[in-house]
Structures are given as structure tokens and as C-alpha cells.
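What follows is the residue order along each chain.
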Amino acid sequence: MADLSTANTFSGPTIAGPSDDRPAVLIVGGLGYIGRFLALYIHRNNLASEVRLVDKVLPQLARLPPEFAEACSEDKFMQADASKETSLDRMFTLASGRHFSYVFNCGGETRYSQEPSIYALRATALTTNLATHIAKIRPSPNFIEFSTGIVYKSPNSSTISSGGCTETAQLRPWLKISRAKLQAEEALERLAREQGLKYVCLRLAHVYGEYDVGFLARGLCLARVYQELNKELKWLWSKELRINTVHVLDVCSAAWKAADWCSRNPPTEQSNMADRAFNIVDNGDTKQETLATIVSNIFNIRTGFQGSFISSFAKMNLDSVVDDVNDDVLQPWAEMMKRAGIDHGQGSPLSPFMEKELLKDSNLCLNARKAKEVLGWIIERERLTEERLREIIASYERVRWWP
């Protein structure tokens, strides 16, 4: 892990020279999963004159692997809670006197199965407070909001066969977190219409990459337990269920393209929410069968899918099904971590713990044509592959998260 100081007070970002015309960048949630990779992307490509990372979590508590040490260094960091209006003036004040050109909102609650009040505060209110403050600043920064593709109604087979949900597809969020994200998008549209807020929303597929602790990480942990138990891993629902994906580094390149587009395309009186939204997804059309095949190859385990009878039973009794799965896997996982000498919980954020919301019989199937054509976004990691998942496991092993 990176050797980061435990001081609680940090200096401001490095001051650029007066001739530097690169944008100054603020990343809210800058030590979160996407935020840290975005900081790394900007750092490695030398894209910004100044970068400020705002997060509630201190760097030394954020489990930052060594390669993030420079991109997420203390001179770039400010500890603040962006959901509180009292934090905003300080967040937006630079010692250089410059103004932020781009504000990326990677912050907010990312855990599933939380109470609606948590999402209202840490997703909807966070975005609304940030955007309201930004709309008052002159010159006004460009605001890039990271949303989710789960805001769409689960598409039918006809929509899937035609390439997935476009940005104009029917909106019907099917998770509590996505309902809060949609409310945030609606707030941004109102601010654009009433106060001229310059914004763009990125509706993401399941994001994965090295050090992933999200959706795909649960599947890898489950597979590792079933390998240890020498059991077949059977998946609910059908092999055709869409669980579309996108690599975190491609998310970062899309975000930078979107910020540039936003700076050149302010909203008009005719603009609507779909006009300012872009689906961010790879070209692989990932489905459950894709993931099952890959983990079978990596862990040398049998995988399959429950029949329609079992899946129908699970749909009606999902709470008990999830409890049974967790009863089967959590104790073996803890024992594996102990044998590996890994401090489960403190040392590793990984767990096979399954949540009811993660087992929805709903398709996440997105169409990225608009992002590619309008933003000029190029997807470098075309699809989820065995190589990519092996890279994730190797990253876990480097930082001793993996048994």
C-alpha cells in the first residue's frame, strides 16, 4: 500500500504557471473507485493544470494501492463532505485564484440495499447541492455527473436484439440507488433550464477493473469459495440475462471526452435530460453466460443455471434464497482469509456476501452509439474477457486482498 502521511491537514493543489491553459479539475469522491482512476488517468496523460480531490475519507484510510500515490497525493487532497453546503465555498476556492473548468462528481453512496433516506442524502442531495453551487459561479464550471444505466426500464428481447437501451428509452429505475440517481438527473435538468447549468450525465454499465470491489468482485469471490468447496456454482435466472459491463479506464476516457463536449455545448431552452445523457458501456453485450464461462475457466469449476422452477421459486422467496447463499459461503470465505493470513474486513474489502438487490431478474443492456458518435469516445477494452478478470485477481493478490 502507498506510504501516505497521517496528517489531517493538507495543503492546496500545486499552483500552475500563468501560461498554463489546461483546465483546473475538481473530482468529488476523488478517492472512491472511479475517482481514483480518473485522477490517475488525468495525471498520466498530463491533462490538467491543477487537480483537487475531495473526499470524506482520508487517503491513508482509502486502501490506495501504490500506483495511485502521485495522482492522489496529499497536496491534491481536501477532506470535506460535499453533501453539506457549508463545505462548498472551501472546496471551490483555489490558492492560485483560478476557477475550476471541470467538476466530476464521482461521490455518493455506492452500497446496495441501503435505506432510501441514505440515498436521498448521499446521492440526490449531494448532486443537487453541488450543481446549485456551480450554477452560481462565474465563469461556471462544467459539471460531469456519474449516473447509472439502471435508470432504464429493463428492456425486452426486441430492444436487446436492436442493441440495447438508448438514452431516450423509458426510464423506470429498478434499484433504490438508481431511483435516487434519476432524481439527481432531474434536478440537474431543472438547474440547466432555470439557471443555465452546463452539465452532462454518464449512465454507466457495471464498472470493473483492477482492485474492483463492486458487482463483478462478488462473482469472483463466490467462484473462489465454490472452488474451495469443490461445488458447482449455479446462477439464478437465465444465461441470457444481460449484465452489461465497462472497464474503469474506458469510463475515465469517456468522462474526459464528455467534459470537453460539455464545455462546447451548453444546454439550450430545447434541451432535455436525454440530450445531456450518454450511455457508457463496452461492445461485448455481457450476459450471465459470459461471466459464468469465464469463471469456470479461471477457477476450474462447473457452472450452470437454475431451471425455471427454481428461479420462479427464488423470485417469490428471494430473501430466504439470499440468506441460504450467504450461510453457505460466508464462513468458508472467512476461514480461507484466515488461513491466508489476511485480516478480513480491515485488510481486504472483498466479500462474497450477496444482497437481494444484486439478484434482480432485470436486464442491464445499454447502447453506446451516441457516446461513440457524438463524443468521439473510443472503447479500448472491447469486452469482458478471461484476461481482464485474471488481471483483477492479480491486483487483489498484489495488495493481499485475495485468499
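Our subject is the structure that appears above.
Small disclaimer: the values here were computed from a predicted structure and weren't measured.

Focus on the pairing of strand E4 (residues 102-105)
Burial of the side chains of E4 extends over both faces: Tyr102 and Phe104 are buried on one face and Val103 and Asn105 on the other. Note: strand E1 (residues 24-28) against E4, four bridges, orientation parallel. From the neighbouring strand, Val25 faces E4, where its bridge partner is Tyr102. Of the pairings in the sheet, the one linking E4 to strand E5 (residues 142-148) comprises four bridges and is parallel in character. Considered in E5, the bridge of Asn105 is made with Glu145.

Details of unusual backbone geometry
With an omega dihedral of -5°, the bond running from Arg138 to Pro139 counts as a cis peptide bond. Summarising the element assignment, Pro139 is placed in the loop between helix H3 (116-136) and E5. One non-glycine residue, Tyr211, lies in positive phi territory at about 65°. Among the structural elements, Tyr211 can be located in the loop between strand E7 (206-208) and helix H6 (215-229). The exposure class of Tyr211 is buried, given its relative accessible area of 4%.

Some details on the packing of helix H1 (residues 33-44) against helix H7 (residues 248-264)
At a closest axis distance of 9 Å, the pairing of H1 and H7 adopts a crossing angle of 65°. One finds that H1 runs roughly perpendicular with respect to H7. Considering how the two elements wind past one another, H1 and H7 form a crossing that is right-handed. For the pair H1 and H7, contact is made by Tyr33, Ile34, Phe37, Leu38, Tyr41 and Ile42 and by Val248, Leu249, Val251, Cys252, Ser253, Ala255 and Trp256, respectively. Across the contact of H1 with H7, the residue classes break down as 12 nonpolar, one polar and no charged.

Overview of helix H10 (residues 318-339)
Compared with an ideal rise of 1.5 Å per residue, which puts 22 residues at 32 Å, H10 spans 32 Å between its outermost C-alpha atoms and is within 8% of the ideal. Residues of H10 that are buried: Leu318, Val321, Val322, Asn326, Val329, Pro332, Trp333, Met336 and Met337. A positive phi of about 75° marks Gly341, the residue just after H10.

Quick word on the sheet that holds E4
Ordered by their spatial adjacency, seven strands build an open sheet running E3-E2-E1-E4-E5-E6-E10, and the pairing between neighbours is parallel. A single partner strand is all that each edge strand has here, and the edge strands are strand E3 (77-79) and strand E10 (277-280). On average, each strand axis in the sheet is inclined to that of its neighbour by 20°, with strand direction left out of account. Each of E1, strand E2 (50-55), E4, E5 and strand E6 (199-204) is contacted by H1, which is oriented at about 160° to E1, the strand it contacts most.

Some points on the nonpolar core
Ranked by internal contacts, the top residues of the largest apolar core, which has 134 residues, are Met91, Phe104 and Phe146. In terms of residues, this core owes the most to one element, H7, which gives 10 residues.

Focus on the packing of aromatic side chains
Throughout the structure, instances matching the rule amount to 13 aromatic pairs. Their ring planes at 65° and their centres at 5.3 Å tell us that Tyr33 and Phe37 sit as a pair that is edge-to-face. Within this pair, Tyr33 and its partner Phe37 are both found in helix H1, separated by four residues, close to a single helical turn. Put simply, the rings of Tyr33, Phe37, Phe68, Tyr211, Phe299, Trp333, Tyr396, Trp401 and Trp402 touch in pairs and so form one group of aromatic residues. Looking at Lys370, its charged tip hangs above the ring of Phe278, at a distance of 4.5 Å from the centre.

Regarding the pattern of salt bridges
Across all of its chains, the model carries 20 salt bridges by this definition. Where Arg22 meets Asp20, a salt bridge forms, and the shortest distance between an N and an O atom there is 2.5 Å. Across the pair Glu391 and Arg388 runs a salt bridge, and its minimum N-O distance is 3.3 Å. Of this pair, Glu391 and Arg388 both sit in helix H12 (residues 386-398), three residues apart, which is roughly one turn of the helix. Here Glu391 falls in the partly exposed class, since its relative accessible area comes to 24%. Each of Lys239, Glu240, Arg242, Asp285, Lys287 and Glu289 takes part in salt bridges that share partners, so that together they form one network.

Rules used throughout
Residues numbered from 1 in each chain as written. Predicted model: local features only at pLDDT ≥ 70, side-chain atom pairs only at ≥ 80, totals over all residues. Heavy atoms only, no water. Buried < 20%, exposed > 50% of the residue type's maximum accessible area, 1.4 Å probe, protein only. Helix = DSSP H or I, 4+ residues; strand = E, 2+ residues; numbered from the N terminus. Pairing = 2+ DSSP bridges. Axes fitted to C-alpha atoms, helices over the stretch in contact; angles between N-to-C directions. Parallel < 35°, antiparallel > 145°, perpendicular 65-115°, else oblique. Left-handed = near helix turned anticlockwise from the far one by under 90°. Contact = heavy atoms within 4.5 Å. Nonpolar A, V, L, I, M, F, W, Y, C, P; charged D, E, K, R; others polar. Expected span 1.5 Å × (residues − 1). Core = buried A, V, L, I, M, F, W, Y, C linked by side-chain atoms within 4.5 Å. Phe/Tyr/Trp six-rings, centres within 6.5 Å; stacked < 30°, edge-to-face > 60°. Lys NZ or Arg CZ within 6 Å of the ring centre and 35° of its normal. Salt bridge = Lys/Arg side-chain N within 4 Å of Asp/Glu carboxyl O.

By themselves, these observations are geometric and do not establish any function.
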